[in-house]
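The lines below spell out each chain.
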Amino acid sequence: MRRNLRFTLTAFPALLELRISLFVALLLAYTLTAMENIIIISLIWTDNHLQTPMYFFLSNLSFLDILYTTVITPKLLACLLGEKKNMSFAGCITQTYFYFFLGTVEFILLAVMSFDCYGAICNPLRYTIIMNSRACLLMTLGCWLGAFLPVLVPTIVVACIDTRLTEKVNFLLSALVILSSLAFTTGSYVYIISTILHIPSAQGRQKAFSTCASHITIVSIAYGSNIFVYVRLNQNQSLDFDKAATVLITVVTPLLNPFIYSLRNEKVKEVLREAMNRIHIHSAKV
């Protein structure tokens, strides 16, 4: 009894220190994610140079990343330092629904973005006709509507007592959403890479590859982590790996997306520099 008490008293400060460190790291990541994505959205919607389909979809991706992290991170932060760590059944179901709903929207949006890239590289003469503002709006709306029913069913089944049924439903719907969108994205990039390889100039090929490289990186991270976590019949295996992958999906990926996809883009960096210069000039006048 005394040994257990001594161990508890010794371990408590270390556990508290670990929780504080995790709290600070997650709070910093959440704050940076929100700031980065808000900057990207503001630049795209206020600058005429970025009023193109690619940047329109990028602004939607940034908006999704803000919502995605907001569904999980604030509650996680509260649990790390707060005494009350439980959640009501209604709160759990609501969080589960929006977590998977927003994740599904992002997968469909990534597939739409791959189609946009396909149109820009493989069919440049008709690109502006195909990807007009109405088509972009309808595609974005389709991403949100297309994620509604595939997520609603497993969220309702979560309340079922038979966990095996829940696992099977989750596996089937996860496979349907993730693998079908992955197949569409892969097919688009097969055509894209084939077209790029037929570009005669090396400079043209390099420019085309650089346009697609960021999207391929994000797609690889998103699909890879989610396939390992959700597209498995037995969800009880590899718990430690699942935890690491879940942190990657919820916290790390939305934090890195603005750097990978937008802030490494020369046009976005140019617009950002111009905006910073305008702010500096305005503050100097004041």
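Residues numbered from 1 in each chain as written. Predicted model: local features only at pLDDT ≥ 70, side-chain atom pairs only at ≥ 80, totals over all residues. Heavy atoms only, no water.

**As for the packing of aromatic side chains**
Logical step 1: Evaluation of the coordinates by the stated rule reveals 12 aromatic pairs.
Logical step 2: Centroid distance Tyr 97 to Phe 98: 5.4 Å. Interplanar angle 80°. Geometry classified as edge-to-face.
Logical step 3: By relative accessible area, which is 13% here, Tyr 97 ends up buried.
Logical step 4: Note on Phe 107 and Tyr 223: the rings are 4.9 Å apart at their centroids and 40° apart in plane angle, and the pair reads as tilted. Here Phe 107, found in helix α3 (residues 89–122), pairs with Tyr 223, found in helix α8 (residues 202–230); they are 116 residues apart in sequence, far enough to count as distant. Both residues of the pair, Phe 107 and Tyr 223, count as buried.
Logical step 5: The rings of Phe 63, Tyr 97, Phe 98, Phe 101, Trp 144 and Phe 148 are connected pair by pair, giving a single aromatic cluster. (Phe/Tyr/Trp six-rings, centres within 6.5 Å; stacked < 30°, edge-to-face > 60°. Buried < 20%, exposed > 50% of the residue type's maximum accessible area, 1.4 Å probe, protein only. Helix = DSSP H or I, 4+ residues; strand = E, 2+ residues; numbered from the N terminus.)

**Observations regarding the packing of helix α2 (residues 53–81) against α3**
Logical step 1: Their axes nearest at 10 Å, the elements α2 and α3 cross at an angle of 160°. With respect to α3, the axis of α2 lies roughly antiparallel. Considering the relative orientation of α2 and α3, their crossing is left-handed.
Logical step 2: Residues belonging to the contact of α2 with α3 are distributed by class as follows: 17 nonpolar, 3 polar and 4 charged. (Axes fitted to C-alpha atoms, helices over the stretch in contact; angles between N-to-C directions. Parallel < 35°, antiparallel > 145°, perpendicular 65-115°, else oblique. Left-handed = near helix turned anticlockwise from the far one by under 90°. Nonpolar A, V, L, I, M, F, W, Y, C, P; charged D, E, K, R; others polar.)

**Observations regarding the UniProt feature "transmembrane region" (unreviewed entry) in the chain**
Logical step 1: Within this structure's numbering, the places UniProt gives as "transmembrane region" (unreviewed entry) are residues 20–45, 57–77, 97–115, 136–159, 171–192, 213–233 and 245–263.
Logical step 2: Taken end to end, residues 20–45 has its terminal C-alpha atoms 37 Å apart, with 100% of it in helix and 0% in strand.
Logical step 3: Across residues 57–77, helical content stands at 100% and strand content at 0%; the span's end C-alpha atoms are separated by 30 Å. (UniProt positions renumbered as here; feature names shortened; annotations may be inferred.)

**Focus on the environment of Val 153**
Logical step 1: Examined against the element boundaries, Val 153 turns out to sit in helix α6 (residues 148–157).
Logical step 2: Separated by 56 residues in sequence, Val 153 and Tyr 97 have C-alpha atoms that sit 9.6 Å apart.

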